[in-house]
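Survey of secondary and tertiary structure
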Amino acid sequence: METGNQTRLSYFILQGFSQDSENQPILFCLFLSMYLITVLGNLLIILAITSDSHLHTPMYFFLYNLSLADICFTSTTMPKMLVNIQTQSKAITYAGCITQMCIFMVFGIMDTLLITIMAYDRFVAICHPLHYTLIMNRRLCGLLVLVSLLISVTYSLTQSLLTLRLSFCTNWEISHFYCELAQALTIACSDTLINYILLYMVTSLLGIVPFSGILFSYVRIVSSILRIPSADGKYKAFSTCGSHLSTVSLFYGTGFGVYISSYAPSWRGMIASLMYTVVTPMLNPFIYSLRNRDIKRALQKVLGGKLYVP
């Protein structure tokens, strides 16, 4: 980016959901409630897994990291949006926008990779139960999470540095409630070819490779479950991956909605992004706690025995 443009550009304008000041209190209360539920729900999952030694297994280790990533993912966008609604301001500083963009990509990619790793974990548990503890050892689990973080940080920093070189002339309005990379690229007045190439390449890889891995894992899982002779055995085997399958459906369903909405009016894109960035992380704790007796018991301990466990 040229020095003159960088000095002149000090902030972006986030258009947000509504221009009507009368709707702002309603939106503030709605989004604040969603954010608090998301943070509290995922925090309870983290506390439950930490406090119960029976949950110190690979499956819950990955769930712990997923909940942590979901809190960071949602906290990247929601607090700033709530502040803007409350103060009737739509401005975000240039540095704040780039930072938000970078952190958002880190934890968005982390979510994708962790969900893929959890599918592999379920594949090993059901298809190779006798070798599960040998394969999914602590070293491999930690290495998988670390590699996921490194991939996320590497791409996010690369894309952010490429965005820093761009010039923004007169149109500084981003048609979103947060600094989304694709929206920022559309208002740049310098060459964005490299940014778009990297964006589409990584988006395609993260869309195709993880989803293919998840699909392959569940094809093998279903095949193994169908070979179990007893109905009770089939139910127990399927129940161990039912929560994760629900999360996969919700995550990729809303993610696909974000992709489709990129060709639709901006307000539809914002709603789809809200489903992806807030609703999905908010529902994940409910999916895992309502369908998992071990989590329920751990939550009962955390809440002081106030939770009913059937």
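Conventions we followed
- Each chain carries its own residue numbering, running from 1 in the direction its sequence is written.
- Only residues with pLDDT of at least 70 are given local features in this predicted model, and only at 80 or more are side-chain atom pairs given and counted; all residues enter the totals for whole chains, interfaces and linings.
- Just so you know, side-chain values use all the structure's heavy atoms and leave hydrogens and water out.
- Pairing between strands is defined by DSSP: at least two bridges between the two strands are required.
- In this description a helix means any DSSP run of H or I spanning at least four residues, a strand means any run of E spanning at least two, and both kinds are numbered starting from the N terminus.
- By salt bridge we mean one thing: a side-chain nitrogen of Lys or Arg within 4 Å of a carboxyl oxygen of Asp or Glu.
- The buried label applies to any residue whose accessible area, calculated with a 1.4 Å probe on protein chains only, is under 20% of its type's maximum; exposed applies above 50%, and partly exposed to all values in between.
- The nonpolar core is taken to be a set of buried Ala, Val, Leu, Ile, Met, Phe, Trp, Tyr and Cys residues, with the residues joined through side-chain atoms within 4.5 Å.
- Note on contacts: a residue pair is in contact if any heavy atoms of the two residues lie within 4.5 Å.
- In this analysis, the expected span of each helix is defined as 1.5 Å times one less than the number of residues it contains.
- Excluding any residue in a salt bridge, patches collect residues exceeding 30% relative accessible area, merging like charges within 9 Å and nonpolar Val, Leu, Ile, Met, Phe, Trp and Tyr side chains within 5 Å.
- Here the accessible surface of atoms and residues is derived via Shrake-Rupley with a 1.4 Å probe, and residues count as covered only by protein chains that are part of the display.
- To get an axis, a line is fitted to the C-alpha atoms, and for a helix only the part in contact is used. The angle between two axes follows their N-to-C directions and goes from 0 to 180 degrees.
- Any angle that falls under 35 degrees is termed roughly parallel, while one over 145 is termed roughly antiparallel, one within 65 to 115 roughly perpendicular, and all others oblique.
- Crossing handedness: left-handed means the near helix sits turned counterclockwise from the far one by under a right angle, and right-handed means the same turn made clockwise.
- Only Asp, Glu, Lys and Arg are considered charged, only Ala, Val, Leu, Ile, Met, Phe, Trp, Tyr, Cys and Pro nonpolar, and every remaining residue, Gly among them, polar.
- UniProt positions are given in the numbering used here, feature names are shortened, and annotations may be inferred rather than shown by experiment.
- Aromatic contacts are taken between Phe, Tyr and Trp rings whose centres are within 6.5 Å, Trp giving its six-membered ring; a plane angle under 30 degrees counts as stacked, one over 60 as edge-to-face, and the others as tilted.

Read from one edge of the open sheet, three strands run β2-β1-β3, paired in mixed fashion. Two strands bound the open sheet, and with one partner strand each, they are β2 (91-93) and β3 (173-174). Here three bridges tie strand β1 (residues 11-14) to β2, and the two strands are oriented antiparallel to one another. If you follow Tyr11 over to β2, its bridge partner there is Thr93.

Between side chains of opposite charge, a pair can form when the charged atoms approach closely. Applying the stated criterion across every chain, the model contains one salt bridge. The residue Asp121 makes a salt bridge to Arg122 at a minimum N-O spacing of 2.8 Å. Judged by relative accessible area, Asp121 falls into the buried class, the value being 1%.

So, about unusual backbone geometry. Positioned with a positive phi, Gln88 is a non-glycine residue whose angle comes to about 60 degrees. Along the polypeptide, Gln88 turns up in the loop between α4 (78-87) and β2.

What follows concerns the pairing of β1. Burial of the side chains of β1 is restricted to one face: Phe12 and Leu14 are buried, whereas none of Tyr11 and Ile13 on the reverse face is. Taken together, the two bridges between β1 and β3 define a ladder with parallel strand orientation. When the sheet's bridge partners are listed, Ile13 is paired in β3 with Glu173.

A few words now on the nonpolar core. Ranked by size, the top nonpolar core spans 57 residues in total, and within it Phe31, Leu63, Ile221 and Ile295 carry the most contacts. Take this core: its biggest share by element is twelve residues, from helix α5 (residues 94-127). Residue contacts for Phe31: discarding those within four places in its chain leaves Phe17, Met78, Met81, Leu82, Ile85 and Leu274. If you look at the next biggest cluster of nonpolar residues, it comprises 26 residues, including Tyr94, Met101, Leu162 and Ile174.

All right, on to the environment of Met118 then. Relative to the helices and strands, Met118 is located in helix α5. C-alpha separation for the pair Met118 and Leu63, spaced 55 residues apart in sequence, amounts to 7.9 Å. Discounting residues that sit within four places of it in the chain, Met118 has contacts with Phe62, Leu63, Leu66, His244 and Tyr288.

Next up on the list: helix α9 (residues 193-226). For α9, with 34 residues, the first-to-last C-alpha span of 49 Å sits near the 50 Å given by 1.5 Å per residue. Looking at α9, one finds that the buried residues are Asn195, Leu198, Leu199, Val202, Leu206, Pro210, Ile214, Ser217, Tyr218, Ile221, Ser224 and Ile225.

Looking now at a nonpolar patch on the surface. Where nonpolar side chains cluster on the molecular surface, the patch consists of Leu143, Leu146, Val147, Leu149, Leu150, Ile151, Val153 and Leu157 and spans about 650 Å² of accessible area. Within the fold, Leu150 resides in helix α7 (residues 138-164).

Our next topic: the packing of helix α2 (residues 24-51) against helix α3 (residues 58-75). Where α2 meets α3, the closest approach of the two axes is 9 Å, and the angle between their N-to-C directions is 155 degrees. By the criterion of interaxial angle, the relationship of α2 to α3 is roughly antiparallel. Judged by the sense of rotation from one axis to the other, the crossing of α2 with α3 is left-handed. The segment α2 lies against α3, with Tyr35, Thr38, Val39, Asn42, Leu43, Ile45, Ile46, Ile49 and Thr50 engaging Tyr60, Leu63, Tyr64, Ser67, Leu68, Asp70, Ile71, Thr74 and Ser75. Its residues assigned to classes, the contact of α2 with α3 shows eleven nonpolar, six polar and one charged.

So, on to the UniProt feature "transmembrane region" (unreviewed entry) in the protein. Here, the residues flagged by UniProt with the feature "transmembrane region" (unreviewed entry) are residues 25-49, 61-79, 91-120, 140-158, 193-216, 237-260 and 266-287. Counting secondary structure, residues 91-120 comes out at 90% helix and 10% strand; the distance between its end C-alpha atoms is 42 Å. The annotated region residues 140-158 carries 100% helix and 0% strand content, and the separation between its end C-alpha atoms amounts to 27 Å.

It is worth spelling out the packing of aromatic side chains at this point. Using the criterion set out here, one finds twelve aromatic pairs in the structure. Ring geometry for Phe73 versus Tyr276: centroids 6.0 Å apart, planes at 90 degrees, classification edge-to-face. Of this pair, Phe73 sits in helix α3 while Tyr276 sits in helix α11 (residues 266-290), and the two are 203 residues apart along the sequence. By relative accessible area, Phe73 is classed as buried at 1%.

Moving on, we come to the environment of Ile92. Inspection of the secondary structure assignment puts Ile92 in strand β2. Relative accessible area serves as the criterion here: at 5%, Ile92 is assigned to the buried category. Residues Ile92 and Ser10, 82 residues apart in the sequence, show an inter-C-alpha distance of 8.7 Å.

Remark: α5 packs on α9, axes separated minimally by 9 Å, with the N-to-C direction vectors making an angle of 20 degrees. Relative to α9, α5 is oriented roughly parallel. For α5 against α9, the interelement crossing comes out left-handed. Counted together, Ile109, Thr112, Leu113, Ile115, Thr116, Ala119, Tyr120, Arg122, Phe123, Ile126 and Cys127 of α5 and Leu206, Pro210, Ile214, Ser217, Tyr218, Arg220, Ile221, Ser224 and Ile225 of α9 form the full contact between these two elements. Grouping the constituent residues of the contact of α5 with α9 by class yields 14 nonpolar, four polar and two charged.

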